[in-house]
Amino acid sequence: MASEASFPAAPPAAGAPRQGDVRERLLDAAYAAVVAGGWTRMRMADIAANAGVSRQTLYNEFGAKEGLLQAVVIREADRFLDRTEAIVSGHPGDPAEAVREAALWTLRASAENPLVRAVITGEGELLPVLTTRSRPLHLALQERMNAYLRRHHPRLGERGEVLVEVSARLMVSYVVSPTDPEVAASRVEAVARALAGPVRETA
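Here is a short report on the structure shown in this document. Given the structure is predicted, the values throughout are model-derived calculations rather than measurements.

**Describing the overall build of the chain**
Alright, step 1. Counting its secondary structure elements, the chain contains ten helices and zero strands.
Alright, step 2. Counted from the first residue to the last, the chain has its helices and strands arranged as α-α-α-α-α-α-α-α-α-α.
Alright, step 3. Taking all 203 residues of the chain together, 47% fall into the buried category.
Alright, step 4. The contacts of the chain with a sequence gap of at least 6 include a subset with a gap of at least 24, amounting to 70%.
Alright, step 5. Working note: accessible area of the chain is about 10100 Å², and carbon and sulfur atoms make up 54% of it.

Following this line, the structure appears as structure tokens:
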């Protein structure tokens with residue numbers, strides 16, 4: 001599972017970045033700072049220098065240090081969702097069962113993920129991105145999950161949006177306060193099944 005659970009950022013390439021690479025290089029530099037345990041003392045100028053761009057470019061892209069951190073976490077969440085969408089696609093007729101399998105993988109993978117571990121166990125200013133200041137993360141998760149349900153389970157309608165919001169919040173809470181993955185996944189499934197109702201359909 002280690003190869004699936006970890007998403008190491010590539011080191012910045014030498015030389016001036018192409019414009020299309022700037023955002024990813026800045027995210028890579030910030031990721032490296034968080035995982036290394038140096039986020040609190042890392043200045044925006046340092047991150048920009050490590051990415052090979054100007055400090056002004058960094059501010060233009062992310063606005064502030066917290067915005068950069070949120071973007072790093074959201075990028076990692078997107079990578080998790082790439083995998084969970086593949087898992088969910090293997091259970092086209094039962095949304096709740098699909099949610100359980102995706103939740104189980106997510107919880108196991110997050111326990112091994114360097115960024116998640118650093119945010120949960122590291123410096124004090126990191127954890128709020130998953131707790132008190134997690135709105136950008138929740139919105140990003142819900143946008144992608146809602147898009148998936150609209151494509152594959154359109155009959156859920158508003159129930160799908162409720163299922164997504166509650167499931168996403170449950171999953172983030174279980175990531176922040178880990179418990180047995182099997183137990184947590186089963187509880188997420190129970191909630192999803194109650195919200196989804198008896199709907200069964202093919203993708």
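Okay, back to it.
**With respect to the packing of aromatic side chains**
Alright, step 1. Tallied over the entire structure, the rule returns one aromatic pair.
Alright, step 2. The residue whose ring lies beneath Lys65 is Trp39, and the NZ or CZ to ring-centre distance is 4.9 Å.

**Let's talk about helix α8 (residues 135-152)**
Alright, step 1. Compared with an ideal rise of 1.5 Å per residue, which puts 18 residues at 26 Å, α8 spans 26 Å between its outermost C-alpha atoms and is within 8% of the ideal.
Alright, step 2. Taken together, the buried residues of α8 touch α5 (65-89) and α9 (158-176).

**Topic: empty space enclosed by the protein**
Alright, step 1. In the structure shown here, the tally under the stated rule is one cavity of 30 Å³ or more.
Alright, step 2. One number sums up the size of the largest cavity: a volume of about 680 Å³.
Alright, step 3. Considering the residues around the largest cavity, the lining is formed by 34 residues, among which Leu81, Thr106, Leu141, Met145 and Met171 are closest to the centre.
Alright, step 4. At the level of elements, α5, α6 (95-112), α7 (114-121), α8 and α9 are the ones that each hand at least two residues to the lining of the largest cavity.
Alright, step 5. Per-element tally for the lining of the largest cavity: the top contributor is α5, with eight residues.
Alright, step 6. Residue composition of the lining of the largest cavity, grouped by class: 26 nonpolar, five polar and three charged.

**Focus on the environment of Ala30**
Alright, step 1. Its location among the elements puts Ala30 in helix α2 (residues 22-36).
Alright, step 2. Considered as a pair, Ala30 and Ile47 are 17 residues apart in the sequence and their alpha carbons are 6.3 Å apart.
Alright, step 3. Apart from residues lying up to four places away in sequence, Ala30 is in contact with Trp39, Ile47, Leu68 and Val72.

**Regarding α2**
Alright, step 1. With 15 residues, α2 ought to run about 21 Å at 1.5 Å a step, and its terminal C-alpha atoms sit 21 Å apart, in line with that.
Alright, step 2. Taken together, the buried positions of α2 are Val22, Arg25, Leu26, Leu27, Asp28, Ala29, Ala30, Tyr31, Ala33 and Val34.
Alright, step 3. Turning to α2, the residues buried within the fold contact α3 (44-51), α4 (55-62), α5 and α7.
Alright, step 4. Directly after α2, the chain includes Gly37, whose backbone phi takes a positive value near 85 degrees.

**Description of the side chain of Gln70**
Alright, step 1. Its location among the elements puts Gln70 in helix α5.
Alright, step 2. Among the residues examined, Gln70 registers a relative accessible area of 16% and is labelled buried.
Alright, step 3. Those residues in contact with Gln70, other than ones at most four positions away along the chain, are Val129, Arg133 and Pro136.

**Observations concerning the nonpolar core**
Alright, step 1. Core analysis: the biggest nonpolar cluster contains 36 residues, and Val34, Trp39, Leu58, Leu68 and Leu137 have the highest contact counts within it.
Alright, step 2. Secondary-structure elements contributing two or more residues to this core are α2, α3, α4, α5, α7, α8 and α9.
Alright, step 3. Not counting residues up to four positions away in its chain, the partners in contact with Leu68 are Leu26, Leu27, Ala30, Trp39, Met44, Ile47, Leu58 and Phe62.

**Some remarks on the environment of Arg75**
Alright, step 1. Examined against the element boundaries, Arg75 turns out to sit in helix α5.
Alright, step 2. As for Arg75 and Ala140, which are separated by 65 residues in sequence, their C-alpha atoms are 9.5 Å apart.
Alright, step 3. One polar contact links Arg75 to Glu24, side chain to side chain, over a distance of 2.7 Å.
Alright, step 4. A distance of 3.0 Å separates polar atoms of two side chains, one belonging to Arg75 and the other to Asp28.

So, how was this worked out
- Residue indices begin from 1 for each chain and proceed along its sequence in written order.
- The predicted nature of this model means local features are confined to residues of pLDDT at least 70 and side-chain atom pairs, given and counted, to a pLDDT of 80 or more, with totals for whole chains, interfaces and linings taken over all residues.
- Just so you know, side-chain values use all the structure's heavy atoms and leave hydrogens and water out.
- Each helix corresponds to a stretch of at least 4 residues labelled H or I by DSSP, and each strand to a stretch of at least 2 residues labelled E; elements are numbered beginning at the N terminus.
- Buried residues are those whose accessible area, probed at 1.4 Å on protein chains only, stays under 20% of the maximum for their type, while exposed residues exceed 50% and partly exposed ones sit between those limits.
- The contact definition used throughout considers only heavy atoms, calling two residues in contact when any of these lie within 4.5 Å.
- For the area figures, the Shrake-Rupley method with a 1.4 Å probe applies, and any residue is considered shielded solely by the protein chains shown.
- Side-chain rings of Phe, Tyr and Trp (the six-membered ring for Trp) are treated as a pair once their centres are within 6.5 Å; stacked means planes under 30 degrees apart, edge-to-face means over 60, and tilted covers the remaining angles.
- Geometrically, a lysine NZ or arginine CZ counts as sitting over a ring once it is within 6 Å of the ring centre and also within 35 degrees of the ring normal.
- An expected span of 1.5 Å times one less than the residue number is assigned to each helix.
- Here a cavity denotes grid points, spaced 1 Å and computed from the protein atoms alone, that fit a 1.4 Å probe unable to get out, and a pocket denotes an open set having protein on both sides within 12 Å along at least 5 of 7 lines; residues with an atom within 4 Å of a point are the lining.
- Grid points are joined across faces, edges and corners, and a volume is the space filled by probe spheres set on the points.
- As a working rule, the residues Ala, Val, Leu, Ile, Met, Phe, Trp, Tyr, Cys and Pro are called nonpolar, Asp, Glu, Lys and Arg charged, and the rest polar, with Gly in that last group.
- Buried Ala, Val, Leu, Ile, Met, Phe, Trp, Tyr and Cys residues form a nonpolar core when they are joined through side-chain atoms within 4.5 Å.
- Identification of polar contacts relies on pairs of N or O atoms within 3.5 Å, with a donor-acceptor requirement for protein atoms, meaning one able to donate a hydrogen and the other able to accept it, and with residues adjacent in sequence counted only if both atoms are side-chain atoms.

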